[in-house]
Structures are given as C-alpha cells and as structure tokens.
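What the coordinates show
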Amino acid sequence: MARINRNYEKLPGSYLFSEIARRTAAYQEANPEARLIKMGIGDVTRPLAPAVVAAMHAAVNDLAAAETFHGYGPEQGYAFLRDAIAEHDFAARNIAIAPDEIFVSDGAKSDCGNIGDIFSVDNVVAVCDPVYPVYVDTNAMAGRAGDFDGEKWTDLVYLPCTAENGFFPALPQGKVPDLIYICSPNNPTGTAATKEQLKTWVDYANAHGSIILYDSAYEAFITEPGIPHSIYEVEGAGTCAIEFRSFSKTAGFTGTRCAYTVVPKALEREGVSLNALWSRRQGTKFNGVSYVVQRAAEAVFTPEGRAQTRENIAYYLNNAKVIKSGLEQAGLTVYGGVNAPYIWARTPEGVGSWDFFDTLLHKACVVTTPGAGFGPAGEGYIRLTAFGGAEATEEAVERIVKLL
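As the structure is a computational prediction, the values presented were derived from the model and not from experiment.

1. Concerning the overall build of the protein chain
From N to C terminus, the protein chain includes 12 helices and 15 strands. Computed over C-alpha atoms, the radius of gyration of the protein chain comes to 21 Å, within 12% of the 22 Å expected from 2.2 N^0.38 for 404 residues, which places it in the range of a compact globule. The principal-axis extents of the C-alpha atoms in the protein chain amount to approximately 60 × 55 × 55 Å. The proportion of buried residues among the 404 residues of the protein chain is 53%. Partitioning the intrachain contacts of the protein chain with sequence separation of at least 6 by distance along the chain shows that 74% fall at a separation of at least 24. Only carbon and sulfur atoms are counted for the fraction: they give 51% of the accessible area of the protein chain, which is about 17,300 Å². Put simply, the protein chain has 34 plus and 47 minus side-chain charges, and the middle of one group is 2 Å from the middle of the other.

2. Things to note about the side chain of Asn339
Within the secondary structure layout, Asn339 lies in the loop between strand S11 (334–336) and strand S12 (342–346). What makes Asn339 buried here is its relative accessible area of 5%. One polar contact links the side chain of Asn339 to the main-chain amide nitrogen of Thr223, over a distance of 2.9 Å. Of the polar contacts made by the side chain of Asn339, one reaches the side chain of Glu224; its length is 2.8 Å. In this view, Asn339 contacts Pro185, Ala192, Tyr218, Phe221, Ile222, Thr223, Glu224 and Ile227; residues no more than four positions away in its chain are not counted.

3. A word on unusual backbone geometry
Excluding glycine, residues mostly have negative phi values, and the peptide bonds linking residues are mostly trans. In this structure, Pro130 follows Asp129 across a cis peptide bond, with omega equal to 10°. On the secondary structure map, Pro130 appears in the loop between strand S3 (125–129) and helix H5 (133–142). Pro185 follows Ser184 through a cis peptide bond whose omega is -10°. As for its placement among the helices and strands, Pro185 is situated in the loop between strand S5 (179–183) and helix H6 (195–208). Despite not being glycine, Arg257 shows a phi value in the positive range, around 70°. Looking at the secondary structure, you find Arg257 in the loop between helix H7 (247–251) and strand S8 (259–262).

4. Some points on helix H3 (residues 79–90)
Helical periodicity: at 3.6 residues per turn, an α-helix aligns residues three or four positions apart in one direction. The terminal C-alpha atoms of H3 lie 16 Å apart, and with 12 residues this matches the ideal 16 Å at 1.5 Å per residue to within 8%. Every buried residue of H3 is listed here: Phe80, Leu81, Arg82, Ala84, Ile85, Ala86, Asp89 and Phe90. Each element contacted by the buried residues of H3 is listed here: strand S2 (102–105), strand S7 (241–246), H7, S8 and helix H9 (291–299).

5. Observations concerning the pattern of salt bridges
Counting across every chain of the model gives 16 salt bridges. For Arg245, the salt bridge goes to Asp89, with nearest N and O atoms at 3.7 Å. In this pair, Arg245 sits in strand S7 while Asp89 sits in helix H3, placing the two residues 156 residues apart along the sequence. Across the pair, exposure class does not vary: Arg245 and Asp89 are buried alike. Ionic pairing is found between Lys324 and Glu328, a salt bridge with its closest N-O pair at 3.7 Å. Taken as a pair, Lys324 and Glu328 lie in helix H10 (residues 303–329) at a separation of four residues, close to a single helical turn. Given a relative accessible area of 41%, Glu328 falls into the partly exposed group. Several salt bridges share partner residues, and in doing so they unite Glu19, Arg22, Arg23 and Asp358 into one network.

Rules and cut-offs
- Residues numbered from 1 in each chain as written.
- Predicted model: local features only at pLDDT ≥ 70, side-chain atom pairs only at ≥ 80, totals over all residues.
- Heavy atoms only, no water.
- Helix = DSSP H or I, 4+ residues; strand = E, 2+ residues; numbered from the N terminus.
- Rg over C-alpha atoms; globule rule 2.2 N^0.38 Å.
- Buried < 20%, exposed > 50% of the residue type's maximum accessible area, 1.4 Å probe, protein only.
- Contact = heavy atoms within 4.5 Å.
- Areas by Shrake-Rupley, 256 points an atom, 1.4 Å probe, with all protein chains shown as cover.
- Lys, Arg positive; Asp, Glu negative; His and termini not counted.
- Charge placed at Lys NZ, Arg CZ, Asp CG, Glu CD.
- Polar contact = N/O pair within 3.5 Å; in protein donor to acceptor, adjacent residues only side chain to side chain.
- Expected span 1.5 Å × (residues − 1).
- Salt bridge = Lys/Arg side-chain N within 4 Å of Asp/Glu carboxyl O.

Right under this line is the structure:
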C-alpha cells in the first residue's frame, strides 16, 4: 500500500489566506448587497507597465515565426534576463553577483518553499515571529517542524519580533539554527532591517555554519537611505546567504509569475557547492519560466520600464501613507508603510486578531489579515495592504475611522 506524507496531517486547519477567503465569501453570500473593500491578500491592482506589455507583445510575435520561435528555455533562465538582473540589481549597487549565480523562477513563494530540497531534513530551522506562513508550512511538510501544539511547532526556533525590539529578532540564546529565514522589508510588519542589524546575523551565520534564507521581495519599496536592498550589501553574506527576489510586487507580476533566487558560488557546506545543488534541483524539477514572461521581466530594466514601475510603486506607497495616517487618527498604534506596502496595526486593547478581523469585515466591510495568522507574536495585530485603488483605499480608511 502506498504511504502518504503524514507531515501534511499535522498542518493546522487551512492556509491563512484560504481561511480569510472562506470567511469573506461566507459574509458576502449572506450580505450580497455589501460592497467589500479588500486589503488582506497582498495582490497588486495596477496594470503592467506599458514597456512590459510592449515587450510581451513582441515576444509573442517571436513565437509566431519559425526563425524566432522559442521552445524549452534554460531551466536557470535566459542569459538576457540574468545579465540584466546582474547589471541593474547588483552591479549598480557595487555588488558582485554573476549571472550564473542567478536562477530565474516562477515566484519567490515557490523558491522559499522549494529551497528546502537541497537541505537535510535534520536541519534546525529558525523563523521570525510573526512570519510569512510559507516558511513555516513548507518546513512542516518536509518534516523539519515537529508537531504543532496549538500555538507553535515544537522543532522550530521562533525569533520574536515585537514592538520592543523594533520588529527585528535578537540572536537565539539556546539551540543554534542551521537555516534562518529573514524577510526585509518585512511581511507582515512592514519594517526594514538596517545594515548593522543584518551584519549581526551574517556574522552569526558564518560563525556557526548556518544559512540565511533572505527574502527581499519588497526591496523596491525601500524609501529611506541606508536601508540595504540586498543582503549582499553586507560584508560576508556571500558565504552564508541565499537571496530571493520577485517581480510580483516590483513590477506587478503577481499573475504573470517571475522571480529569481541568488545562490553565490562561494556558498558551500560540507565541501559541496549550494549553487550546484540548486542548479541540479531546478534542472530536474523545473522547466523554466516562459520566454514571453522573461522578455517582459527584461523590459522592467529598461529606462522606460524602470520609470513606469516606479510610478506604480509610488502609487502604492501613497496608499500606505493614507492607511497609516488614517489608522493613527483612529487611535491605533501603527507600524510599517514607509519601506513596504504593508501596515501593521495593533488592535484595540484586549481585542484578538481574528475578532478584530471579523469586526472590520462585518461592520466596515473591509477585509484585512489577522496578525495571529502569522504566528504567536502576531496576536493583537492586523495587517493591511496598500495594493488597492486609491479611491477604495481612502474609503476603507474612512470606514475604519468612523467605526472606531
């Protein structure tokens, strides 16, 4: 008899955003006249930049002629895109990342989960708390998380990120983790780490042989000077860190699907190149991102593409400013919204995250994300996204202010 992976049975309930969708759908069905404004899932709403769309049209035309047709592409990504990434995202910041250290994929979410394939199941995993659920759930599926006790996973090392420590974790005092997930600018708190804060972790990882799995999917939203856009801006990161980046929020590719992961060739463990392992994994389990999408991603780096995508980012950051000031006006304590498209707000005194989610859904017709869904330290908070339309964002804030 075939056996199943019993680790899946340990996962609690449903994926966070599936539960949000379930509650939202139930409310909408019971109240079909209600006009909901969704500020929960971080999905973009602005159209793709004209330069990106033009590149996609041209790429489709390439596929219509035998002379320019493209079938299977390189699993690691076409050279034209890897070269553009290396030049504009790294060399422009004086970071030495070679094109063959860049692996194009269909999403940072996929890569953050799939990266575990190249590591032993015996590795100890550390996650920030609160945390993007994919880091936790994929390690639970692989068998690294232990058992869920109703609040935490028994084998994970939780790194509390609270208002008291500026939502950036202190080094662990007990068990030394082998794999350390860090996200900056952070989802869900919207805060961003300084170079000094990251250097502490880079030094720790190099001293203990740990690997930092660094999610910088929101780096394009950084507005403050001195905040690193890449962990490789920190000395020593090339021997201890893997970085995940995405076009989803940078250029609105949430449905188009394109991202990339950087694995430096200097990164080795037990005498084995992690770059080679990831290349082997991708070559076996992944057929690459389509030619059309990669041409679209390449266009993001053109002068026109950069200017147009920056306009969209500025649009979302203005939404974030509106949300932040409005919630503060309503008397809530608010974080984020400056270097990220997320606003992290403390719930009114004594109100649980899911209770406040339900209150805003039922009384203001605004969909948010309960902080408890991101881990124990997220209890007592809600997350709102700035990816809606400007008018809808303003109306949602007005509704919340009026309610509170």
